[in-house]
Amino acid sequence: MAQFEEVSKQSILHPKPAGLVLHYGTAGFRSNSIHLDHIMFRMGLLAVLRSKKTKSTIGIMVTADVLRYSNVCLFLSQMKPISFMFICFQEDNGSYATMLANAEQEELISALNEIIEKEGIDKSPEASVFVGKDTRSSSASLSQAVLDGVHALGGHSKDYGLVTTPQLHYMVCCKNTQGKYGDATVEGYYKKLCQAFTQLVGNASNRTDDQKHLCVDGANGIGALKLREMISHLNKGLQVTIFNDGSKGKLNHQCGADFVKVQQKTPTGEVNPGDRCCSFDGDADRIVYYFTDSQQVFHLLDGDKIATLISTFLKELLIQAGLNLKIAVVQTAYANGSSTDYLENTMNVTVRCTKTGVKHLHHAALEFDVGVYFEANGHGTVLFSKAAEDKIQQLAQDSRIDDERKRAALMLQSTINVINQTVGDALSDMLLIEAILAIKGMTVEQWDRIYTDLPNRQLKVKVSDRRVIDTTDAERRAVSPAGLQEAIDQLVKTYRKARSFVRPSGTEDVVRVYAEADTQESADALAHEVSLAVY
Ligand code: NG1
């Protein structure tokens with residue numbers, strides 16, 4: 001087949017380093033960028049096959065959320081049911097990607113044929129692949145390698161250039177829903193979100209300039225660039241000071257959502273007491289808020305606090321609109337115990353706990369009319385079922401209902417439009433949070449006081465083989481090695497309000513330890529003792 005000859009010819013230009021073996025994990029392939037050129041080319045090939053199989057557009061994002069490391073992720077964003085996958089075919093869990101990535105040059109065509117045969121792929125449909133990249137210096141050549149792979153196998157591509165990961169998800173979703181979700185352009189994305197934001201804050205009375213002001217740490221990544229573009233569509237509805245905008249510092253270095261969440265301190269940059277601040281991560285799919293008070297004490301409002309704010313707002317609107325829709329919050333084991341307690345016992349909201357990784361949260365959220373999902377690290381969004389969207393739409397157009405119901409229905413409609421339902425999105429989440437605070441006339445301090453986080457600590461432990469740890473119950477209990485869980489249980493008993501668990505990271509070669517307790521000293525001590533039990 002002529003196309004395979006082209007693949008063979010082109011793949012020589014993207015050689016696999018001898019002996020290199022990489023696995024497709026939670027966040028796609030991760031390695032130093034110098035090892036990823038052949039992977040990018042081959043993921044371009046795989047995306048073509050997957051596009052032919054699913055008869056839809058596939059997105060490939062070349063990104064990095066850890067300094068010096070690059071990712072390539074394949075995903076397919078459809079509207080309903082949203083198919084959000086970092087895996088390549090429904091059931092293979094990334095094994096085709098791993099097989100292609102590790103095939104030697106002379107094995108590449110037979111590996112492609114194996115996938116074609118196993119998946120029964122019809123070669124005739126046209127293939128369409130959308131490609132995006134972040135701001136790292138390696139991204140340009142790596143995304144070119146993806147495009148070379150797509151073209152070598154006869155696929156059509158659209159190169160979006162510099163975009164955030166959630167923006168690319170949005171484009172793919174727009175394309176796969178024939179424009180029902182919006183225009184598959186960056187401009188279309190800004191217009192949809194900003195229009196909805198402007199409509200929402202129209203419900204807030206007398207916002208002062210102070211209330212409109214937000215400091216944003218762009219993690220020296222793509223988010224800072226894209227936020228600047230978005231601001232021009234907001235008609236001064238938000239006044240943003242961007243720091244760590246990439247003009248000086250390095251990506252995620254002493255800044256960004258992960259740094260702020262894990263270190264529990266402000267990033268590099270000038271943060272004044274009382275300023276409402278947020279940090280994006282390197283590819284702008286996570287967000288956390290924070291402020292320092294007049295005593296210089298740092299207060300973090302992480303994914304749990306964000307989920308609480310959003311679900312409270314939505315629940316109130318659903319009640320005002322008289323809509324009987326089931327709302328739930330999906331969390332992981334890392335959710336602070338206080339947040340779960342508040343949601344279940346004060347808010348009376350259903351809470352689900354899933355394994356770490358947004359694909360698990362996303363799928364669980366799909367089971368509800370309104371599913372709010374957030375990892376504690378700030379990665380999350382809200383999903384509305386088709387039935388829920390239809391009901392809200394109908395009500396918003398119903399001329400017989402009273403003003404209060406109408407207002408609530410219209411606000412729900414704008415809320416749906418400000419949210420990027422395809423994946424967690426720092427830009428979209430930021431607009432939603434800002435709109436909620438404005439409508440409720442709530443300061444960041446008042447938001448923080450909704451409940452008090454239990455002091456907590458996260459540690460990383462290096463072990464010779466992290467895979468010896470196996471977990472159950474949404475990763476909250478270790479089933480192996482023998483005796484580990486019993487040791488953790490014993491340690492937890494010695495502290496008040498304590499909880500602790502360990503799990504192997506899906507993205508780094510470490511075991512993660514989490515502990516919470518009634519005081520910071522206790523949480524730190526428990527985390528330390530549990531990490532000793534892991535060795
Ligand atoms: P791992 O390395 O499996 O803990 C981390 C984050 C996840 C998720 C993934 C993907 C924590 C504790 N874990 O996973 O929430 O964001 O990276 O990037 O923050």
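In the nomenclature of an unreviewed UniProt entry, the protein chain corresponds to Phosphoacetylglucosamine mutase from the organism Oryzias sinensis. Under the UniProt heading Function (unreviewed entry), the note attached to the protein chain is "Catalyzes the conversion of GlcNAc-6-P into GlcNAc-1-P during the synthesis of uridine diphosphate/UDP-GlcNAc, a sugar nucleotide critical to multiple glycosylation pathways including protein N- and O-glycosylation."

### Observations concerning the overall build of the protein chain
What the protein chain contains, in helices and strands, is 19 helices and 19 strands. In terms of C-alpha radius of gyration, the protein chain reaches 23 Å, essentially the compact-globule figure of 24 Å for 535 residues. Each principal axis of the C-alpha distribution contributes one length, and for the protein chain these read about 65 × 60 × 45 Å. Looking at the protein chain residue by residue over its 535 residues, the buried ones come to 50%. Of the contacts formed within the protein chain by residues at least 6 apart in sequence, a portion of 70% connects residues at least 24 apart.

### Digging into the environment of glutamate 445
Its location among the elements puts glutamate 445 in helix α17 (residues 444-448). Separated by 243 residues in sequence, glutamate 445 and glycine 202 place their C-alpha atoms 23 Å apart.

### A closer look at the site of the ligand
Lining the immediate environment of the ligand, one finds 13 residues, of which Glu375, Asn377, Ser505, Gly506 and Thr507 sit closest. A breakdown of the residues in the shell around the ligand according to their chemical character gives two nonpolar, eight polar and three charged. Of the residues that make up the shell around the ligand, three or more belong to each of domain 2 (185-453) and domain 3 (456-534).

### Here we look at the confidence of the model for the protein chain
Across the protein chain, pLDDT averages 91, with 94% of residues at or above 70. The low-confidence segment residues 65-69 (pLDDT under 50) makes 14 contacts with residues lying over four places distant or belonging to another chain. This stretch, residues 78-91, has a pLDDT under 50; its non-local contacts, to residues over four places away or in other chains, come to 44 contacts. Across the whole predicted complex the pTM is 0.93, and at the interface the ipTM reaches 0.98.

### Structural notes on the nonpolar core
The biggest cluster of nonpolar side chains holds 128 residues, and the ones touching the most others in it are Phe197 and Ile310. Take this core: its biggest share by element is 10 residues, from helix α16 (residues 426-440). Residues in contact with isoleucine 310, not counting those within four places in the same chain, are Val372, Val382, Leu432 and Ile436. The next biggest cluster of nonpolar side chains, apart from the first, holds 24 residues, and it includes Ala333, Ala335, Ala478 and Val502.

### Re the sheet that holds strand β10 (residues 298-301)
Strand order in this open sheet of five strands is β7-β6-β8-β9-β10, and the pairing throughout is mixed. For this open sheet the edge positions go to β7 (239-243) and β10, each flanked by a neighbour on one side alone. Taken over all neighbouring pairs, the strand axes of this sheet differ in orientation by 30° on average, direction set aside. Of the pairings in the sheet, the one linking strand β6 (residues 213-217) to β7 comprises five bridges and is parallel in character. For leucine 214, the partnering residue across the bridge sits in β7 and is valine 240. Packed on one face of the sheet, helix α9 (residues 222-231) meets β6, β7 and β8 (277-280) and runs near 160° to β7. In the packing of α16 onto the sheet, contacts are made with β6, β8 and β9 (287-292), and the angle to β9 comes to roughly 50°.

### What about the environment of threonine 354?
Looking at the secondary structure, you find threonine 354 in strand β12 (residues 350-354). With 21 C-beta atoms packed within 10 Å, threonine 354 lands in the buried category. Spatially, the C-alpha atom of threonine 354 lies 9.6 Å from that of arginine 476, the residues being 122 residues apart in sequence. Aside from chain neighbours lying at most four places away, what touches threonine 354 is Val330, Thr332, His360, Leu361, Ala364 and Ala474.

### A closer look at the pairing of strand β18 (residues 499-504)
Where burial is concerned, most of β18 is hidden: five out of the six residues are buried. Note that β18 and strand β19 (residues 511-516) share six bridges and pair antiparallel. In the sheet register, arginine 503 faces β19, and the bridge partner there is arginine 512. Linkage of β18 to β19, two consecutive antiparallel strands, is achieved through a turn of six residues.

### Quick word on unusual backbone geometry
With omega at 0°, the peptide bond leading from serine 480 into proline 481 counts as cis. Its location among the elements puts proline 481 in the loop between β17 (477-480) and α18 (484-493). Although it is not a glycine, alanine 284 sits at a positive phi angle of roughly 60°. Mapped onto the elements of the fold, alanine 284 is located in the loop between β8 and β9. On the basis of neighbour count, alanine 284 is assigned to the buried category, with 33 C-beta atoms found within 10 Å. In the Ramachandran plot, lysine 497 falls in the positive-phi region, its phi being about 50° despite a non-glycine side chain. Following the sequence through the fold, lysine 497 ends up in the loop between α18 and β18. With 14 C-beta atoms packed within 10 Å, lysine 497 lands in the partly exposed category.

### Structural notes on the sheet that holds β19
Strand order in this open sheet of three strands is β15-β19-β18, and the pairing throughout is antiparallel. Every other strand in the sheet has two partners, leaving β15 (456-461) and β18 as the edge strands with one partner each. Averaged over neighbouring strand pairs, the angle between their axes works out to 15° when direction is ignored. Where helix α19 (residues 520-534) meets the sheet, its contacts fall on β15, β18 and β19, and the angle it forms with β19 comes to roughly 145°.

### As for the UniProt feature "binding site: substrate" (unreviewed entry) in the protein chain
Per the UniProt annotation, the sites labelled "binding site: substrate" (unreviewed entry) are Glu375, Ala376, Asn377, Arg503, Pro504, Ser505, Gly506, Thr507 and Arg512. Structurally, asparagine 377 is set in the loop between β13 (370-374) and β14 (380-384). Among residues more than four places away in sequence, those in contact with asparagine 377 are Ala257, Asp258, Lys261, Arg286, Asp302 and Gly303. Inspection of the secondary structure assignment puts arginine 512 in strand β19.

Thresholds applied
- Residues numbered from 1 in each chain as written.
- Predicted model: local features only at pLDDT ≥ 70, side-chain atom pairs only at ≥ 80, totals over all residues.
- UniProt positions renumbered as here; feature names shortened; annotations may be inferred.
- Helix = DSSP H or I, 4+ residues; strand = E, 2+ residues; numbered from the N terminus.
- Rg over C-alpha atoms; globule rule 2.2 N^0.38 Å.
- Buried ≥ 20, exposed ≤ 12 C-beta atoms within 10 Å, placed from the backbone.
- Contact = placed C-beta atoms within 7 Å.
- Near = placed C-beta within 6 Å.
- Nonpolar A, V, L, I, M, F, W, Y, C, P; charged D, E, K, R; others polar.
- Domains from an automatic or database assignment.
- pLDDT = per-residue confidence, 0-100.
- Core = buried A, V, L, I, M, F, W, Y, C linked by C-beta atoms within 7 Å.
- Pairing = 2+ DSSP bridges.
- Axes fitted to C-alpha atoms, helices over the stretch in contact; angles between N-to-C directions.

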